[in-house]
Amino acid sequence: TQIKNGNKITVASTDNYRMYVRNCGEFYKIYKPQDSISRFMIIGTKPDGYIHGLTELQRKYTEHNKKNDEEEKLHSAIICSGERDAMIAASNGSHPIWKNSETEKLTKTQLNSIYNYVDTIYNIPDIDITGIKCGKELALQFPTIRTVWLPSWLSTYYNNGKKRKDLRDWADFKKSRNDFTKLLNSAMPAKFWFEDENEKGQITIKIIDRYFYNFLSLLDFCKYAD
């Protein structure tokens, strides 16, 4: 129950729409899926730059290394655009992390804190105008992040009059874990070069063609049919 402009507003779960709360330690986040005007509510104080899922990732890393003599990083974490996508990633055995908004910038310090626990970071942006813009910016800012672009056919479908655009929408059509694995395998980083050192310690730079074409596409280069 909240008081807004002198009016008492009460929102409650129904059989069709459940209300959820996520314990984030220093604060709680309440999800009200039936309230389209104000779907989220924060109780407590959310720290600046808070990354959802990072605490759980740290916990999984600790549990994983209890069984090992030497510390070993987890395979990967997936940057999602929100809670719905995070649940899809988690249900497929991955470790989701997400910011409060897809437009909220990821800092170098935050990126390094994630890399403390995993070898690879994926990003799955929405494929609407905002999602594509933010996805390209993140890929170019941190070239080692592997971006997973959802297939363009997804936006030809609609839900409640809105174009399908995110991982949750994709999961309505592709339901198996094998489909999810294939999706991750399509990811590419903006970094298109790597160093190769021979037995004599000499280093050569090699270029991966498909990563290079991906880099050019992130800069909006394309083929033009004449």
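Residues numbered from 1 in each chain as written. Predicted model: local features only at pLDDT ≥ 70, side-chain atom pairs only at ≥ 80, totals over all residues. Heavy atoms only, no water.

Caption draft 1: Representation of the nonpolar core in the model. Counting residues in each nonpolar core, the largest one holds 19 residues, and the members touching the most others are Ile78, Leu150, Leu167 and Trp170. Elements that contribute at least two residues to this core include exactly helix 2 (83–91), helix 5 (167–170) and helix 6 (177–185). Apart from residues lying up to four places away in sequence, leucine 167 is in contact with Asp85, Ile88, Ala89, Ile124, Leu150, Phe180 and Leu183. The next biggest cluster of nonpolar side chains, apart from the first, holds 18 residues, and it includes Ile51, Leu106, Phe142 and Ile145. (Core = buried A, V, L, I, M, F, W, Y, C linked by side-chain atoms within 4.5 Å. Buried < 20%, exposed > 50% of the residue type's maximum accessible area, 1.4 Å probe, protein only. Helix = DSSP H or I, 4+ residues; strand = E, 2+ residues; numbered from the N terminus. Contact = heavy atoms within 4.5 Å.)

Caption draft 2: Up close: the packing of aromatic side chains. Within this structure, the stated rule accounts for 10 aromatic pairs. Look at phenylalanine 27 and tyrosine 50: their rings are 4.9 Å apart centre to centre, the planes differ by 80°, and that puts the pair in the edge-to-face class. Here the residue phenylalanine 27 occupies a position in strand 4 (residues 27–31), and tyrosine 50 occupies one in the loop between strand 5 (40–44) and helix 1 (54–65), the gap between them amounting to 23 residues. Tyrosine 50 matches phenylalanine 27 in its accessibility class, with the two residues each being buried. Here tyrosine 157 and phenylalanine 173 contribute two aromatic rings whose centre-to-centre distance is 4.7 Å and whose plane-to-plane angle is 45°, an arrangement assigned as tilted. Here the residue tyrosine 157 occupies a position in the loop between strand 9 (146–147) and strand 10 (158–159), and phenylalanine 173 occupies one in the loop between helix 5 and helix 6, the gap between them amounting to 16 residues. The exposure class assigned to tyrosine 157 is partly exposed, which follows from its relative accessible area of 40%. Looking at phenylalanine 173, the relative accessible area reads 33%, which means it is partly exposed. Joined through ring pairs, the aromatic side chains of Phe192, Trp193, Phe212, Tyr213 and Phe215 make up one cluster. Between the NZ or CZ atom of lysine 29 and the centre of the ring of phenylalanine 40, over which it lies, the distance is 4.6 Å. (Phe/Tyr/Trp six-rings, centres within 6.5 Å; stacked < 30°, edge-to-face > 60°. Lys NZ or Arg CZ within 6 Å of the ring centre and 35° of its normal.)

Caption draft 3: Focus on the pattern of salt bridges. Taken as a whole and assessed by the stated rule, the structure comprises 14 salt bridges. Between glutamate 137 and lysine 133 there is a salt bridge, with its nearest N and O atoms 2.9 Å apart. Taken together, the residues glutamate 137 and lysine 133, both in helix 4 (residues 129–141) and 4 residues apart, mark about one turn of the helix. Note on glutamate 137: relative accessible area 31%, which makes it partly exposed. Each member of the salt-bridge network shares a partner with another, and the members are Arg84, Arg164, Asp166, Arg168, Asp169 and Asp172. (Salt bridge = Lys/Arg side-chain N within 4 Å of Asp/Glu carboxyl O.)

Caption draft 4: Representation of unusual backbone geometry within the structure. In the Ramachandran plot, asparagine 160 falls in the positive-phi region, its phi being about 55° despite a non-glycine side chain. Inspection of the secondary structure puts asparagine 160 in the loop between strand 10 and strand 11 (162–163). Since its relative accessible area comes to 75%, asparagine 160 is described here as exposed.

Caption draft 5: Focus on the environment of isoleucine 114. Note that isoleucine 114 resides in helix 3 (residues 108–115). Sequence separation of isoleucine 114 and isoleucine 97 is 17 residues, and the distance between their C-alpha atoms is 9.2 Å. In this structure isoleucine 114 touches Ile51, Leu54, Leu57, Ala77, Ile97, Leu106 and Ile121, once residues within four positions along its chain are discounted.

Caption draft 6: Highlighting the sheet that holds strand 4. Pairing in this open sheet of 3 strands is antiparallel, and the strands run 3-4-5 from one edge to the other. The open sheet terminates on both sides in strands that have one partner only, identified here as strand 3 (20–23) and strand 5. On average, each strand axis in the sheet is inclined to that of its neighbour by 20°, with strand direction left out of account. Bridge analysis of strand 4 against strand 5 gives 5 bridges, and the strand direction is antiparallel. (Pairing = 2+ DSSP bridges. Axes fitted to C-alpha atoms, helices over the stretch in contact; angles between N-to-C directions.)

Caption draft 7: Main features of the side chain of glutamate 83. With respect to the helices and strands, glutamate 83 occurs in helix 2. Polar side-chain contacts of glutamate 83 include one of 3.1 Å to the side chain of tyrosine 31. A polar contact of 3.0 Å, which involves the side chain of glutamate 83, links it to the side chain of tryptophan 98. Those residues in contact with glutamate 83 that lie beyond four places of it in its chain are Lys29, Tyr31, Phe40 and Trp98. (Polar contact = N/O pair within 3.5 Å; in protein donor to acceptor, adjacent residues only side chain to side chain.)

Caption draft 8: Spotlight on the pairing of strand 3. Both strand 3 and strand 4 contribute to a ladder of 4 bridges, which runs antiparallel. Within strand 4, the position partnered with tyrosine 20 by the bridge is tyrosine 31. Following strand 3, the chain reverses through 3 residues before pairing antiparallel with strand 4; glycine 25 in that reversal takes a positive phi of roughly 90°.

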